[in-house]
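The chain contents come next:
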Amino acid sequence: MHKPATPWLALALLALTGLLGGCGDDAAPPAAHNAAVLSPADPALAKIYDSSCKLCHANPASGAPQSGDAKAWQPRVAQGADSLLDHSINGFKGMPPMGMCMQCSEDEFLALISFMSGQSVQ
């Protein structure tokens, strides 16, 4: 003789179905997860990025716009290359002067900003 399922078992199955319903590949991973693995294609620029920029621009807790997060970079890029370059060289809010890259040229800063923002700022 087969016993009918208890009400708690039915509720547990319903709850499990609801939880699993949220699983899937529909949502894009947050930029923070992508920022940790992004790196410029140019080896020299990648070395600078790893030693100077990545500490903040791949760490969401820093408050800096994350590399690859075009939405966060858009209002900054809209200010223009001169403003971005000024903030990189002189510092801005939490960003230290020279972005911790004392040897970087203006062209390198612009290339790094272009990489991090995903937009040309030249």
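Now for a description of the structure that goes with this document. Position numbers for residues start from 1 in each chain and track the written sequence from start to end. Reporting of local features is limited, given that this is a predicted model, to residues whose pLDDT is at least 70; pairs of side-chain atoms are given and counted only at 80 or more, and all residues count toward the totals for whole chains, interfaces and linings. Hydrogen atoms and water are omitted, and side-chain values are computed over all heavy atoms in the structure.

## Some points on the side chain of Ser 114
Turning to step 1, where the next piece is worked out: For the purposes of this entry, the term helix denotes a DSSP run of H or I that reaches at least four residues, the term strand denotes a run of E that reaches at least two, and both are numbered from the N terminus. You can see Ser 114 is positioned in helix α6 (residues 106–117).
Turning to step 2, where the next piece is worked out: For every residue, the accessible area (1.4 Å probe, protein chains only) is compared with the maximum for its type, and the residue is labelled buried under 20%, exposed over 50%, or partly exposed between those bounds. Judged by relative accessible area, which is 15%, Ser 114 ranks as buried.
Turning to step 3, where the next piece is worked out: A polar side-chain atom of Ser 114 sits 3.1 Å from the main-chain amide nitrogen of Val 121.
Turning to step 4, where the next piece is worked out: Two residues qualify as a contact provided that any one of their heavy atoms is within 4.5 Å of a heavy atom in the partner residue. Contacts of Ser 114, omitting those with residues within four sequence positions, involve Gln 119, Ser 120, Val 121 and Gln 122. Nitrogen and oxygen atoms within 3.5 Å of one another constitute a polar contact, given that in protein one can donate a hydrogen and the other can accept it, and given that sequence-neighbouring residues count only through two side-chain atoms.

## Points about the nonpolar core
Turning to step 1, where the next piece is worked out: Grouping buried Ala, Val, Leu, Ile, Met, Phe, Trp, Tyr and Cys residues that are joined through side-chain atoms within 4.5 Å yields what is termed a nonpolar core. Counting 19 residues, the largest nonpolar core has Tyr 49, Cys 104, Phe 109, Leu 112, Met 116 and Val 121 as the members making the most contacts within it.
Turning to step 2, where the next piece is worked out: When contributions to this core are tallied by element, the ones reaching two or more residues are α3 (43–57), α4 (70–77), α5 (81–90) and α6.
Turning to step 3, where the next piece is worked out: For this core, the element with the most residues is α6, which contributes 5 residues.
Turning to step 4, where the next piece is worked out: In this structure Leu 112 touches Leu 45, Ile 48, Tyr 49, Cys 53 and Cys 104, once residues within four positions along its chain are discounted.

## With respect to the packing of aromatic side chains
Turning to step 1, where the next piece is worked out: Only the six-membered ring of Trp is used, alongside the rings of Phe and Tyr, when aromatic pairs are assigned; centres must lie within 6.5 Å, and planes under 30 degrees apart are stacked while those over 60 apart are edge-to-face, with the rest tilted. Inspection of every chain in the model, using the stated rule, returns 1 aromatic pair.
Turning to step 2, where the next piece is worked out: Both rings, one in Tyr 49 and one in Phe 115, keep their centres 5.1 Å apart while their planes meet at 80°; by these two values the pair is edge-to-face. Of this pair, Tyr 49 sits in helix α3 while Phe 115 sits in helix α6, and the two are 66 residues apart along the sequence.

## Let's talk about a negative patch on the surface
Turning to step 1, where the next piece is worked out: A surface patch of negative charge is lined by Asp 82, Asp 86, Glu 106 and Asp 107.
Turning to step 2, where the next piece is worked out: Counting only elements with at least two residues in the negative patch, the list comes to α5 and α6.
Turning to step 3, where the next piece is worked out: As for its placement among the helices and strands, Asp 107 is situated in helix α6. Like charges within 9 Å and nonpolar side chains (Val, Leu, Ile, Met, Phe, Trp, Tyr) within 5 Å are joined into patches, using only residues over 30% in relative accessible area that form no salt bridge. The accessible surface values rely on the Shrake-Rupley method and a 1.4 Å probe; as for residues, cover is taken only from the protein chains in view. We count a salt bridge whenever a side-chain nitrogen from Lys or Arg sits within 4 Å of a carboxyl oxygen from Asp or Glu. Counted as positive: Lys and Arg. Counted as negative: Asp and Glu, with His and the chain ends omitted from the count. Note that the charge is assigned to NZ on lysines, CZ on arginines, CG on aspartates and CD on glutamates.

## Regarding the packing of α3 against α6
Turning to step 1, where the next piece is worked out: In this analysis an axis means a line fitted to C-alpha atoms, helices contributing only their contacting stretch, and an angle means the value between N-to-C directions, from 0 to 180 degrees. Orientation of α3 relative to α6, taken along the N-to-C sense of each, is 60°, at an axis distance of 11 Å. What the angle tells us is that α3 and α6 run oblique. For the crossing formed where α3 meets α6, the hand is right-handed. Contact with α3, carried on its side by Leu 45, Ile 48, Tyr 49, Cys 53 and His 57, involves Glu 108, Ala 111, Leu 112, Phe 115 and Met 116 of α6 and no other residues of that element.
Turning to step 2, where the next piece is worked out: Its residues assigned to classes, the contact of α3 with α6 shows 8 nonpolar, 1 polar and 1 charged. Note on terminology: angles under 35 degrees are roughly parallel, angles over 145 are roughly antiparallel, angles of 65 to 115 are roughly perpendicular, and the others are oblique. Two helices crossing with the near one rotated counterclockwise from the far one by less than a right angle form a left-handed crossing, whereas a clockwise rotation gives a right-handed crossing. Under the scheme applied, nonpolar residues are Ala, Val, Leu, Ile, Met, Phe, Trp, Tyr, Cys and Pro; charged residues are Asp, Glu, Lys and Arg; polar residues are all the others, including Gly.

## Some words on the pattern of salt bridges
Turning to step 1, where the next piece is worked out: Counted according to the given criterion, the structure contains 1 salt bridge.
Turning to step 2, where the next piece is worked out: For Asp 50, the salt bridge goes to Lys 54, with nearest N and O atoms at 4.0 Å. Residue Asp 50 and its partner Lys 54 are both found in helix α3; the two are separated by 4 residues, about one turn of the helix.
Turning to step 3, where the next piece is worked out: According to the relative accessible area criterion, Asp 50 is partly exposed, its value standing at 45%.
Turning to step 4, where the next piece is worked out: Note on Lys 54: relative accessible area 27%, which makes it partly exposed.

## With respect to unusual backbone geometry
Turning to step 1, where the next piece is worked out: A positive phi angle, near 65°, is found at Met 98, a position not held by glycine.
Turning to step 2, where the next piece is worked out: By secondary structure assignment, the location of Met 98 is in the loop between α5 and α6.
Turning to step 3, where the next piece is worked out: You can call Met 98 buried: its relative accessible area is 18%.

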